[in-house]
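Listed here are the chains, written in short residue letters.
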Amino acid sequence: MFFLVQANIYLDPDHYRIFEALEELKIDYGEVNIPPTADKIDFETDRKDVFAYGSVTIARLAKQKTNWFPGSFYGGNHLYEVYSAYYGAHLLNHEVTVHKISEKMIWEKDEKKFIKPYHEAKIFTGRVFSETEWKDFVFESLENPSSRITENSVIQVSEAKRTIKEARLWIVGGQIIDAGYYRFNDQAPFEEKVPEDGLVFAREMLRLFNLEEAFVMDICLTDEGWKIVEINCINSSGFYPNTNVKSIIKALNIYFSK
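Because the structure is a prediction, the values reported are computed rather than measured.

Caption draft 1: Quick peek at the sheet that holds strand β9 (residues 175-184). With antiparallel pairing, the four strands of this open sheet are ordered in space as β9-β8-β10-β11. In this open sheet, the two edge strands, each paired with only one partner strand, are β9 and β11 (225-232). Each adjacent strand pair in this sheet contributes to an overall mean axis angle of 25°, direction not counted. In the sheet, strand β10 (residues 214-222) pairs with β11 via seven bridges, with the strands oriented antiparallel. Note on β11: the bridge partner recorded for Thr222 is Gly225. Across the sheet, helix α5 (residues 196-208) touches β8 (165-172), β9, β10 and β11, and the angle it forms with β11 is around 55°.

Written out as structure tokens, the structure reads:
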């Protein structure tokens, strides 16, 4: 398989590791620079067995290449409105509202909300906001000419909930290829590997709905047990320092070369 990798990824300090993995595994690949405003991928290849990796932009544009396989998994079942119907209460943020960022929200005294982008996952990082923090964020984002956020950007809002620890799982062909933590709360003791009960939970979720041939699932431990934080498109999911990039690339190459 041929990997087309976006080179101009600067915010992810671990992005370079994909090149090391491809070199070590001796897998063919090409590099391409794609500006956020691009409307097509400026890269020519006769290969049809192409997997695109980088930002949301390359994932979205690669979806247009209908002759590439696997190309990109962008959209489709990755939308909350699709996978929430299967995972239901197993989602950390099960009850959500969806509306434009410019719409006024009602806040209770001292309330905090978890807010994230709905369609364009990378226009800002979802997190917990107070009313003041959210209003300041919206004002500054809309006033910033370099921001990709507009008044019509759609957001997803839910109740802020406490998580103990959070992990990212890379799934290919219905199998968990890699699992690693990316966040612990202040009271949680560090542990290197996601325990078996977390993996059992994830496998049960795959039995409920194996959403794509390859995707990323973020899970978390809460006071009510394990929950799904969110589902991410594998073509634009970032690595963490403990991610086994080589194993992921190897699994993708083997599975989609069959």
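Caption draft 2: Here's a closer look at the packing of aromatic side chains. Scanning all chains against the criterion turns up 20 aromatic pairs. Centroid distance Phe129 to Trp134: 5.0 Å. Interplanar angle 75°. Geometry classified as edge-to-face. Judged by relative accessible area, Phe129 falls into the buried class, the value being 0%. Since its relative accessible area comes to 4%, Trp134 is described here as buried. Seen in terms of ring centroids, Tyr182 and Tyr240 are 5.0 Å apart; in terms of plane orientation they differ by 10°. Their pairing is stacked. Pair noted here: Tyr182 is in strand β9 and Tyr240 is in the loop between β11 and α6 (245-256), with a separation of 58 residues, a long-range link. Classification of Tyr182 as buried rests on a relative accessible area of 19%. For Tyr240, a relative accessible area of 25% translates into the label partly exposed. Taken together, the ring pairs connect Tyr80, Tyr83, Tyr86, Tyr87 and Phe209 into an aromatic cluster.

Caption draft 3: Main features of the side chain of Arg17. Within the element layout of this structure, Arg17 appears in helix α1 (residues 17-25). A polar side-chain atom of Arg17 sits 2.4 Å from the main-chain carbonyl oxygen of Thr243. Ignoring sequence-local partners within four residues, the contact set of Arg17 consists of Tyr240, Pro241, Thr243 and Val245.

Caption draft 4: Inspection of the nonpolar core at higher detail. Counting residues in hydrophobic clusters, the biggest one holds 26 residues, and the most contacted among them are Tyr83, Tyr87, Met217, Ile228 and Ile231. Residue assignment for this core shows that the elements contributing at least two residues are α3 (80-87), β8, α5, β10 and β11. At five residues, the largest contribution of residues to this core is made by α5. Counting 25 residues, the second largest nonpolar core, distinct from the first, contains Met1, Val5, Val172 and Phe239.

Caption draft 5: Quick peek at the sheet that holds strand β7 (residues 154-159). Pairing within the open sheet is antiparallel, and its four strands lie in the order β4-β7-β5-β6. For this open sheet the edge positions go to β4 (96-100) and β6 (127-130), each flanked by a neighbour on one side alone. The average undirected angle you get between the axes of adjacent strands in this sheet is 35°. Summarising the sheet, strand β5 (residues 112-117) and β6 pair through four bridges and their orientation is antiparallel. Looking at the pairing, Phe114 lines up with Val128 of β6. Helix α4 (residues 131-143) contacts β5, β6 and β7 of the sheet and is inclined by roughly 105° relative to β6.

What counts and how
Residues numbered from 1 in each chain as written. Predicted model: local features only at pLDDT ≥ 70, side-chain atom pairs only at ≥ 80, totals over all residues. Heavy atoms only, no water. Pairing = 2+ DSSP bridges. Helix = DSSP H or I, 4+ residues; strand = E, 2+ residues; numbered from the N terminus. Axes fitted to C-alpha atoms, helices over the stretch in contact; angles between N-to-C directions. Contact = heavy atoms within 4.5 Å. Phe/Tyr/Trp six-rings, centres within 6.5 Å; stacked < 30°, edge-to-face > 60°. Buried < 20%, exposed > 50% of the residue type's maximum accessible area, 1.4 Å probe, protein only. Polar contact = N/O pair within 3.5 Å; in protein donor to acceptor, adjacent residues only side chain to side chain. Core = buried A, V, L, I, M, F, W, Y, C linked by side-chain atoms within 4.5 Å.

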